[in-house]
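# Survey of secondary and tertiary structure
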Amino acid sequence: MLCRLVLRVTRTLTLLFTAPMLSACTKLTESTPVLNRYGAVNITAKPTSITRATANATVIFFQSYSASVPNSATQQSDQCTFATVDTTTTVTQGVKKAGDAVALTIGATSLSLPYDLLLFRYANPTTAPITYASGDLVQVVVAGATDVFPASNISVRLAEPMIPGAIALPASGLPLSVTWNAGSDTTSAVILSLRYANPSTSAYGNEQIFCALRDDGKYDIPASALTAFLASPNNRRSLQLTRWRTNQLLIDAHTLLHIATSVDSTVVFP
């Protein structure tokens with residue numbers, strides 16, 4: 001059963017500043033008034049075929065007493081809630097500079113991410129996205145800077161393109177079955193966002209069923225949760241599936257380097 005709890009949900013796989021359970025997840029020392037150092041690598045992609053995708057990468061560095069660190073490998077159950085849709089456009093922005101550039105290697109391709117003096121981050125030009133294939137690893141090398149962030153490197157297998165199965169609107173009283181090509185290992189997880197207008201007169205899909213799922217290839221949204229979705233005009237319904245995978249490196253008691261890779265697929269309702 002879904003919880004009828006109206007939340008404002010924004011989806012991001014980079015480090016956030018909000019979770020109180022960080023020390024249990026990352027082993028960073030937070031019981032003393034010492035700022036922790038964080039490096040966050042975020043690679044977001046769109047599929048171009050069943051085996052290839054194009055991505056953009058951002059890298060930021062900052063300090064904080066605590067931050068939430070997402071871990072895709074800990075998604076051991078399926079969890080859903082109702083939530084409002086946040087249409088705010090956000091821009092990833094850092095604080096610290098840890099070298100003149102960050103090096104990225106994907107397969108046989110290497111590139112250098114320059115430092116953006118306006119957004120305090122490293123990123124590839126959005127006009128030159130990065131292409132990768134299923135199974136490719138990305139390795140990130142941080143040059144580092146004294147008293148900011150140490151020289152370090154981290155790698156992860158890039159999130160493989162998701163291939164949603166055929167989808168049909170269910171009859172009243174039946175669940176909505178969502179399928180996709182399951183992940184090849186237990187390190188990836190899935191985010192599902194089913195959006196619709198509630199009330200049906202809303203000008204856009206303002207509400208969603210938001211789920212954090214295991215990457216096992218199937219989830220049935222219960223019929224009891226679909227009343228508002230089925231009442232929504234079809235042109236205000238949408239379904240987005242996101243596969244994501246993370247890795248992290250604890251460099252010392254106060255320094256963490258984290259990487260998240262994700263790929264989105266959108267389902268069109270008939």
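What comes next is a walk through the structure.

Basis of the calculations
- For every chain, the first residue of its written sequence is number 1, and the numbers climb from 1 along that sequence.
- Predicted model: local features are reported for residues with pLDDT of at least 70 only, side-chain atom pairs are reported and counted for 80 or more only, and whole-chain, interface and lining totals are derived from all residues.
- No hydrogens and no water enter the side-chain calculation; it runs on all heavy atoms of the structure.
- Labels follow the DSSP assignment, with helices taken as runs of H or I lasting at least four residues and strands as runs of E lasting at least two, numbered in each case from the N terminus.
- Note on exposure labels: buried denotes an accessible area under 20% of the residue type's maximum, exposed denotes more than 50%, and partly exposed covers the range between, all computed with a 1.4 Å probe on protein chains only.
- By definition, residues are in contact when any of their heavy atoms lie within 4.5 Å.
- Per-residue and other accessible areas follow the Shrake-Rupley method at a 1.4 Å probe size, with only the shown protein chains counted as cover for residues.
- Paired strands are those between which DSSP finds at least two bridges.
- Note that a disulfide, as used here, is simply two cysteine sulfur atoms within 2.5 Å.
- Here, nonpolar core means buried Ala, Val, Leu, Ile, Met, Phe, Trp, Tyr and Cys residues that are tied together by side-chain atoms lying within 4.5 Å of each other.
- Pairing of N or O atoms within 3.5 Å defines a polar contact, subject to two protein rules: one partner must be a possible hydrogen donor and the other a possible acceptor, and residues neighboring in sequence count only if both atoms are side-chain atoms.
- Definition used for salt bridges: Asp or Glu carboxyl oxygen within 4 Å of a side-chain nitrogen of Lys or Arg.
- A pair of Phe, Tyr and Trp rings is counted when the ring centres sit within 6.5 Å of each other, with Trp represented by its six-membered ring. The angle between the planes then sorts it: under 30 degrees is stacked, over 60 is edge-to-face, the rest tilted.

### A word on the overall build of the chain
Each helix and strand counted, the chain has two helices and 16 strands in total. Buried positions account for 45% of the 270 residues belonging to the chain. Contacts spanning at least 24 positions in sequence make up 74% of the contacts within the chain whose residues lie at least 6 apart. Accessible surface for the chain amounts to roughly 12800 Å². Of this, 56% is attributable to carbon and sulfur atoms.

### Structural notes on the pairing of strand β16 (residues 255-267)
Across the 13 residues of β16, 12 count as buried, placing the element largely inside the fold. Bridge count for strand β2 (residues 36-47) against β16 is nine bridges, and the pairing is parallel. Paired with Ala-40 across the two strands is His-258, which belongs to β16. Direction of pairing for strand β15 (residues 238-252) relative to β16: antiparallel, over a ladder of 13 bridges. Each bridged residue has a counterpart across the sheet, and for Gln-248 the counterpart in β16 is His-258. Counting the residues that bridge the hairpin from β15 to β16 gives two residues.

### Quick notes on the state of the cysteines
Evaluated as defined, the whole model comprises one disulfide. With its sulfur 2.0 Å from that of its partner, Cys-80 forms a disulfide with Cys-211. As the torsion about the S-S bond is roughly 115°, the Cys-80-Cys-211 disulfide counts as right-handed. Of the two residues, Cys-80 sits in strand β4 (residues 79-85) while Cys-211 sits in strand β13 (residues 207-214), which places them 131 residues apart along the sequence. Judged on exposure class, the residue Cys-80 and its partner Cys-211 are both buried.

### Details of the nonpolar core
Counting residues in hydrophobic clusters, the biggest one holds 53 residues, and the most contacted among them are Val-138, Val-178, Leu-192, Leu-194, Ile-209 and Ile-221. With five residues, strand β3 (residues 52-64) is the largest single contributor of residues to this core. Every residue in contact with Leu-192, bar those within four places of it in the chain, is listed here: Val-178, Ile-209, Phe-210, Cys-211, Leu-213, Ile-221, Leu-239, Gln-240 and Leu-241. Ranked by size, the runner-up nonpolar core spans seven residues in total, among them Ile-60, Phe-62, Val-69 and Leu-256.

### Here's the deal with the environment of Arg-236
Inspection of the secondary structure puts Arg-236 in the loop between α2 (227-231) and β15. Those residues in contact with Arg-236 that sit more than four places away from it in its chain are Arg-195, Tyr-196, Ala-197, Ser-200, Thr-201, Ser-202, Ala-203, Tyr-204 and Gly-205. One polar contact links the side chain of Arg-236 to the main-chain carbonyl oxygen of Ser-200, over a distance of 3.2 Å.

### Re the pattern of salt bridges
Counting across every chain of the model gives 10 salt bridges. Between Asp-100 and Lys-97 there is a salt bridge, with the nearest N and O atoms lying 3.5 Å from each other. Note on Asp-100: relative accessible area 61%, which makes it exposed. Across the pair Arg-245 and Glu-160 runs a salt bridge whose closest N-O atoms are separated by 3.2 Å. Placement of Arg-245 in strand β15 and of Glu-160 in the loop between β10 (152-157) and β11 (176-179) is noted, with a sequence separation of 85 residues between them. Exposure remark for Glu-160: the relative accessible area of 9% places this residue in the buried category. Look at the salt bridges and you will find they share partners, linking Arg-157, Glu-160, Asp-185 and Arg-245 into a network.

### Thoughts on the packing of aromatic side chains
The full count for this structure, using the stated rule, is six aromatic pairs. Measuring from centroid to centroid gives 4.9 Å for Phe-61 and Phe-149, while their planes differ by 55°, and the two rings are tilted. Here Phe-149 lies in the loop between β9 (137-142) and β10 and Phe-61 lies in strand β3, a separation of 88 residues in the sequence. Note on Phe-61: relative accessible area 1%, which makes it buried. A residue is classified by how much of its surface remains accessible, and Phe-149, at 1% relative accessible area, is buried.

### Observations concerning unusual backbone geometry
With an omega of 5°, the peptide bond between Asn-198 and Pro-199 qualifies as cis. Its location among the elements puts Pro-199 in the loop between β12 (188-196) and β13. In the Ramachandran plot, Phe-120 falls in the positive-phi region, its phi being about 55° despite a non-glycine side chain. Residue position: Phe-120 is located in the loop between β6 (109-116) and β7 (121-123). Using a relative accessible area of 33% as the deciding quantity, one classes Phe-120 as partly exposed. Of note in this structure, Asp-147 is not a glycine but carries a positive phi near 65°. Counting through the fold element by element, Asp-147 comes out in the loop between β9 and β10. Looking at Asp-147, the relative accessible area reads 70%, which means it is exposed.

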